[in-house]
Amino acid sequence: MKIILLESAGWRRLIDIDRGGVGRLINDFAQEAKALMPDLSGELNIIVKPDLPHVSEIDGVGGSTFDHELVDVTFTTEFPGGLDMFKRYLRETIFHELNHALHTKYHPRETR
């Protein structure tokens, strides 16, 4: 599993946590999910970039699953509910998207 933090000016807008901290959170949450979903691809890539268009207006975090090896995660750098809520929503998003990734491993042509 590889976490890829894409270059972005958005990282400089973070206040309560830095780029490395976000990366560590994502890694920790992904490892937690992998322990519960051991069939996740060993070649899984999670790309991360702040402020992509599919950020949820409700919780400030979003994600997409492209296939069993590629997931993206995005978030607003404003953290509308504060840092603790950001961590909660980020964890939920990682679990949600990795569940999709596992599903596409076994059902690659089904709509997600």
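Calculation criteria
Residues numbered from 1 in each chain as written. Predicted model: local features only at pLDDT ≥ 70, side-chain atom pairs only at ≥ 80, totals over all residues. Heavy atoms only, no water. Pairing = 2+ DSSP bridges. Helix = DSSP H or I, 4+ residues; strand = E, 2+ residues; numbered from the N terminus. Axes fitted to C-alpha atoms, helices over the stretch in contact; angles between N-to-C directions. Contact = heavy atoms within 4.5 Å.

*Asks:* Help me understand the sheet that holds strand S1 (residues 2–5), please; the structure alone is not making it clear to me.
*Replies:* Within a sheet, each strand pairs with its neighbour through backbone hydrogen bonds, oriented either parallel or antiparallel. Taken in spatial order, the 4 strands make up an open sheet running S1-S2-S4-S3, and their pairing is mixed. In the strand order of this sheet, the two ends are held by S1 and strand S3 (61–67), each with one partner. Going from strand to strand, the sheet's axes swing by 20 degrees on average, the running direction of each strand aside. Bridge count between strand S2 (residues 45–48) and strand S4 (residues 70–75): 4 bridges; the pairing is parallel. In the sheet register, isoleucine 46 faces S4, and the bridge partner there is valine 71. On the sheet, helix H1 (residues 19–36) packs against S1, S2 and S4 and is oriented at approximately 155 degrees with respect to S1.

*Asks:* When you look at the pairing of S3 in this model, what are you seeing that I'm missing?
*Replies:* Consecutive side chains along a regular strand alternate between the two faces of the sheet. Relative to S4, S3 is paired through 6 bridges, and the arrangement is antiparallel. Across the sheet, residue threonine 65 finds its bridge partner in S4, namely valine 71.

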